[in-house]
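One letter stands for each residue in the lines below.
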Amino acid sequence: MPDTLDITVEFTGGLEMLFSNQRKHAISLPSREEDGNPATIAFLVRYLCQSVMKDRRKELFVLDDTVRPGILVLINDADWELEGEDKYEIQKRDNILFVSTLHGG
Amino acid sequence: MAPSPCARCKVNRALILRPKNHQRLCKPCFIATFEAEIHHTITTNNLFQRGERIAIGASGGKDSTVLASVLKTLNERHDYGLELILLSIDEGIKGYRDDSLETVKRNAVQYGMELCIIGYDELYGWTMDQVVEQVGKKGNCTYCGVFRRQALDRGAAKLGVRHVVTGHNADDVAETVLMNLLRGDLPRLSRSTSIITSMPSAIAPPKASGPGTSGVIGKNTNHGITDVRRSKPLKYAYEKEIVLYAHHKNLDYFSTECIYSPEAFRGSARTLIKNLEKIRPSSILDVVRSGEDMARLVPGNEDAKRCEGACKSTRSNLPSAEEEEEGAGGCGTSGRSTGGEMAAMEAKLLHNDVASAQVLETEITLPARPRPRNGQAHDRHAHTPFTNEPPSAATSSGGQRHDRIDDDTTPTTPRPKSPTKKRSTTHTLPHPPKTQKPAQKMGQCARCGYLSSQSICKACVLLEGLNKSRPKLAIDIQLDAAEEAGRC
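As the structure is a prediction and not an experimental result, all values here were calculated from the model. (Residues numbered from 1 in each chain as written. Chains lettered and ligands numbered in written order. Predicted model: local features only at pLDDT ≥ 70, side-chain atom pairs only at ≥ 80, totals over all residues. Heavy atoms only, no water.)

**Q** What is the right way to read the packing of helix H1 (residues 27-44) of chain B against helix H2 (residues 62-77) of chain B from this model?
**A** Each pair of packed helices can be summarised by the angle the axes make with each other and by the distance between the axes. All names here are of chain B. It is at 10 Å that the axes of H1 and H2 come closest, and there the two elements cross at 80 degrees. Taken as axis vectors, H1 and H2 run roughly perpendicular relative to one another. On H2, the residues touching Phe34, Glu35, Ile38, His39 and Ile42 of H1 are Val66, Val70, Leu71, Thr73, Leu74 and Arg77. Class assignment of the residues belonging to the contact of H1 with H2 gives a composition of seven nonpolar, two polar and two charged. (Axes fitted to C-alpha atoms, helices over the stretch in contact; angles between N-to-C directions. Helix = DSSP H or I, 4+ residues; strand = E, 2+ residues; numbered from the N terminus. Parallel < 35°, antiparallel > 145°, perpendicular 65-115°, else oblique. Contact = heavy atoms within 4.5 Å. Nonpolar A, V, L, I, M, F, W, Y, C, P; charged D, E, K, R; others polar.)

In structure tokens, the structure reads:
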């Protein structure tokens, strides 16, 4: 198994504001978590907070260690609730989309 | 997790989990179902009439973009025979509204709809940037909210349109229901659940002078519009599904935060709703339905008597939009329970308190809604610390809600000097008159003719204050306004 997983992470619905105003991010995610388990969405979210997000307002993305309620997560266009939510094990070339419903027009 | 097939077509892979019933649908089936449900809402509530011109309140955000797209689709599919127009309000905030207006302009092309953009400067002689320059960043949301509430109606009047649809969704309505419950404001709760409201703009012939020096408000009053209806076709649509619909249909929408209240969207009731949804997704519609059920129990509730068609008498039967309007759109940002919006709402609530003190809402709040003084005063203060609890669920706007709670005591009784009273902010708010007039009806603003429970409507009062500070600029404004007039 390779050391990293090349995936695409997208932020829309206003979330891009927290990620350098950039919608699409090509991410090379470590394929294993610190404890050796396969990388999950939960791990990705932690990784994003630590390594990608420059904005200090982490709470606008993550609350109580999970994605803030009101932010939808789509894994290859499918609702993450259909995929095991944050326990989903990330595969190479996955497209993970975070869409905020909290922002206005 | 093994991919599950769509519950409807049984063929495609399910991509969407519907919050209201946990149904798993594929993309085409989700889009079809979503549209079918909006169609159902429209037909069962007789929202539209053939041949009607409808203005879609368009901000370029997800809700109004989805609304425009769905209405266009349904209008063609089911031959509603509607003429759809996009109506946008430009608050005049540089770097905030510009991008979303660009989105609306693209939408107009994409959907082949006429677009009219009306600016605060044109309507009121002030852009929000100018207002902020004048009053500062604190409290400017009050102005924006009050102006915005009237702007859609005035825009519609200008276009000669009698019906405005807005993108309020189920989450917005649920949020409003909860907020009114928390305030114990049943009359408002009753109105806020209505899918149609009426705003009898009853615009009078222009009076000698408009608000303040510019007289801009009175400018567009010759259209003879007496009744602008407001409806919310997305009232039963989950925000989640609206966003998913926009995503799966690749709709072009814009998300932004008002630069004057950048973190407002963290606010209060919205967070509560989203947390409830997380635990039990059906909660949102359940709250909406509960709100409707409670509304029916409110004495004098119009819903029961409502004339469903657009018959002439709707005007007197439909709940007034001015009384109801809140939730989305108060503040330009998310239109949510943003801090700013709450502030705007507070202003309106205060305004309403005055109204109820004057016994406007006859059956509902009749003479001095009896308030047990001591006991209730106690209660109120007992609850005060609770609502004041900062960050977590009920956040940023707690303070403002507070003011409202405190204020609530003023119309009826001289406030008992309470040792527990700690909020000095109350003093800064204008107190409603203690002397109560017997009965006063909803009338028109003496200056601009807009429906108002007071002789001068809130917008004109605010404008008067603003204009006093810069009388010399009036001429410039007139010029601006004339330029703006060419925009539609």
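**Q** Help me understand helix H6 (residues 140-159) of chain B, please; the structure alone is not making it clear to me.
**A** Owing to its 3.6 residues per turn, the α-helix aligns residues three or four sequence positions apart on the same side. Residue and element names in this part refer to chain B. With 20 residues, H6 ought to run about 28 Å at 1.5 Å a step, and its terminal C-alpha atoms sit 28 Å apart, in line with that. By the largest-angle criterion, Ala151 marks the main kink of H6, which is about 30 degrees. Counting buried positions along H6 gives 20 out of 20 residues, so the element sits mostly inside the fold. Gly160 lies just past H6 and shows a positive phi near 70 degrees. (Expected span 1.5 Å × (residues − 1). Bend = angle between axes of the 7 residues up to and from the residue. Buried < 20%, exposed > 50% of the residue type's maximum accessible area, 1.4 Å probe, protein only.)

**Q** Help me understand the packing of aromatic side chains in this model?
**A** How two aromatic rings sit relative to each other is set out by the distance from centre to centre and by the angle between their planes. Residue and element names in this part refer to chain A. Applying the stated criterion to the full structure yields 12 aromatic pairs over all chains. Between Phe11 and Phe19 the ring centres are 3.7 Å apart and the planes differ by 10 degrees, which places this aromatic pair in the stacked class. Judged by centre distance (5.5 Å) and plane angle (15 degrees), the ring pair of Phe11 and Phe98 falls under stacked. Placement of the pair is Phe11 in strand E1 (residues 4-12) and Phe98 in strand E7 (residues 95-100), with a sequence separation of 87 residues. For the pair shown, Phe11 and Phe98 are each scored as buried. Aromatic ring contacts, followed pair by pair, group Phe11, Phe19, Phe61 and Phe98 into a single cluster. (Phe/Tyr/Trp six-rings, centres within 6.5 Å; stacked < 30°, edge-to-face > 60°.)

**Q** Looking at this structure, I do not really get unusual backbone geometry. What am I missing?
**A** Negative phi characterises most residues that are not glycine, and trans characterises most peptide bonds. Phi angles above zero are rare outside glycine, and Asn21 of chain A is one such case at about 55 degrees. Its place among the elements puts Asn21 of chain A in the loop between E1 and strand E2 (24-30). Under the relative-accessibility criterion, Asn21 of chain A is labelled exposed at 60%. Although it is not a glycine, His22 of chain B sits at a positive phi angle of roughly 65 degrees. For His22 of chain B, the position within the fold is in the loop between strand E1 (16-17) and strand E2 (24-25).

**Q** Whenever I open this one, the packing of H2 of chain B against helix H9 (residues 239-248) of chain B confuses me. Can you help?
**A** Residues and elements named next belong to chain B. Running from N to C, H2 and H9 point in directions that differ by 65 degrees, and their axes come no closer than 9 Å. With respect to H9, the element H2 is oriented roughly perpendicular. In the packing of H2 onto H9, the handedness of the crossing is left-handed. The residues of H9 that touch H2, namely those facing Lys62, Asp63, Val66, Ser69 and Val70, are Glu239, Ile242, Val243, Tyr245 and Ala246. When its residues are assigned to classes, the contact of H2 with H9 shows six nonpolar, one polar and three charged. (Left-handed = near helix turned anticlockwise from the far one by under 90°.)

**Q** What's the story with the interface of chain B and chain A in this structure? I'm lost.
**A** By a frequent convention, interface size equals the accessible area lost on bringing the separate parts together. With 36 residues of chain B at the interface, the matching set in chain A holds 28 residues. Carbon and sulfur atoms supply 58% of the area buried between chain B and chain A, which totals about 2,700 Å² over both sides. The tally of links from chain B across to chain A stands at four salt bridges. Close ionic contact of Lys278 of chain B with Glu85 of chain A constitutes a salt bridge, the shortest N to O distance being 3.6 Å. Counting across the chain B and chain A interface gives seven residue pairs in polar contact (both at pLDDT 80 or more). Listing elements by their share of the side of chain B that touches chain A, those giving two or more residues are E1, helix H3 (97-111), H9 and helix H10 (268-279) of chain B. Each residue belonging to the side of chain B that touches chain A can be placed in one class, and the counts come to 11 nonpolar, 12 polar and 13 charged. (Buried area = accessible area lost by both parts, 1.4 Å probe. Salt bridge = Lys/Arg side-chain N within 4 Å of Asp/Glu carboxyl O. Polar contact = N/O pair within 3.5 Å; in protein donor to acceptor, adjacent residues only side chain to side chain.)

**Q** Hey, could you run me through the nonpolar core in this one?
**A** What tends to happen in soluble globular proteins is that the nonpolar side chains get buried as a cluster. In this structure, Phe34, Phe48 and Ile56 of chain B are the most contacted members of the largest nonpolar core, which totals 60 residues. Residues within four places of Phe48 of chain B in sequence aside, it is in contact with Ile42, Ile54, Leu71, Tyr80, Leu82, His163, Val165, Ser231 and Pro233 of chain B. (Core = buried A, V, L, I, M, F, W, Y, C linked by side-chain atoms within 4.5 Å.)

**Q** Where do I start with the pairing of E1 of chain A in this structure?
**A** Side chains on a regular strand alternate between the two faces of the sheet. Residue and element names in this part refer to chain A. Bridge count between E1 and E2: seven bridges; the pairing is antiparallel. Looking at E2, one finds that Val9 is bridged to His25. Pairing of E1 with E7 involves five bridges; the strand directions are parallel. Following the sheet pairing, Thr12 is matched in E7 by Val99. (Pairing = 2+ DSSP bridges.)

**Q** Explain the confidence of the model for chain B to me, please; I cannot follow it from the model alone.
**A** Caution applies to low-pLDDT parts of the model: their predicted coordinates are not meant to be read in detail. All names here are of chain B. Here chain B averages 71 in pLDDT, and 59% of its residues register 70 or above. Per-residue pLDDT stays below 50 along residues 303-317; that stretch engages in 25 contacts with residues further than four places along the chain or on separate chains. Among the scores for the predicted complex, ipTM is 0.95 and pTM is 0.73. (pLDDT = per-residue confidence, 0-100.)

**Q** Would you take a moment to explain the sheet that holds E1 of chain A for this structure?
**A** In sheet architecture, strand pairing relies on hydrogen bonds along the backbone and comes in two forms, parallel and antiparallel. The strand order across the open sheet formed by five strands is E2-E1-E7-E5-E6 (chain A), and the pairing between neighbours is mixed. Unpaired on one side and paired on the other, E2 and strand E6 (78-79) of chain A mark the two borders of the sheet. Strand direction decides the pairing type here: strand E5 (residues 71-75) of chain A and E7 of chain A, joined by five bridges, are antiparallel. Counterpart to Leu72 of chain A in the pairing with E7 of chain A is Val99 of chain A. Helix H1 (residues 41-52) of chain A contacts E1, E2, E5 and E7 of chain A of the sheet and is inclined by roughly 110 degrees relative to E2 of chain A. Contacts from H9 of chain B reach E5, E6 and E7 of chain A, with the element oriented near 45 degrees to E5 of chain A.

**Q** Would you mind showing me how to read H1 of chain B here?
**A** Residues and elements named next belong to chain B. Between the first and last C-alpha of H1 there are 26 Å, a value that for 18 residues agrees with the 26 Å anticipated at 1.5 Å per step. Every buried residue belonging to H1 is among Cys29, Phe30, Ile31, Thr33, Phe34, Glu35, Ile38, His39, Thr41 and Ile42, and all of these are buried. Downstream of H1 by a residue or two, Asn46 has a phi angle that is positive, lying close to 45 degrees.

**Q** Explain the pattern of salt bridges to me, please; I cannot follow it from the model alone.
**A** Working definition: two side chains of opposite charge can pair if their charged atoms are close together. Across all of its chains, the model carries 34 salt bridges over all chains by this definition. Asp55 of chain A is the partner of Arg57 of chain A in a salt bridge, and the nearest nitrogen-oxygen pair spans 2.9 Å. Residue class for Arg57 of chain A comes out partly exposed when judged on its relative accessible area of 24%. With a closest N to O distance of 2.5 Å, Asp252 of chain B and Arg106 of chain B form a salt bridge. Pair noted here: Asp252 of chain B is in the loop between H9 and H10 and Arg106 of chain B is in helix H3, with a separation of 146 residues, a long-range link. Here Arg106 of chain B falls in the partly exposed class, since its relative accessible area comes to 39%.

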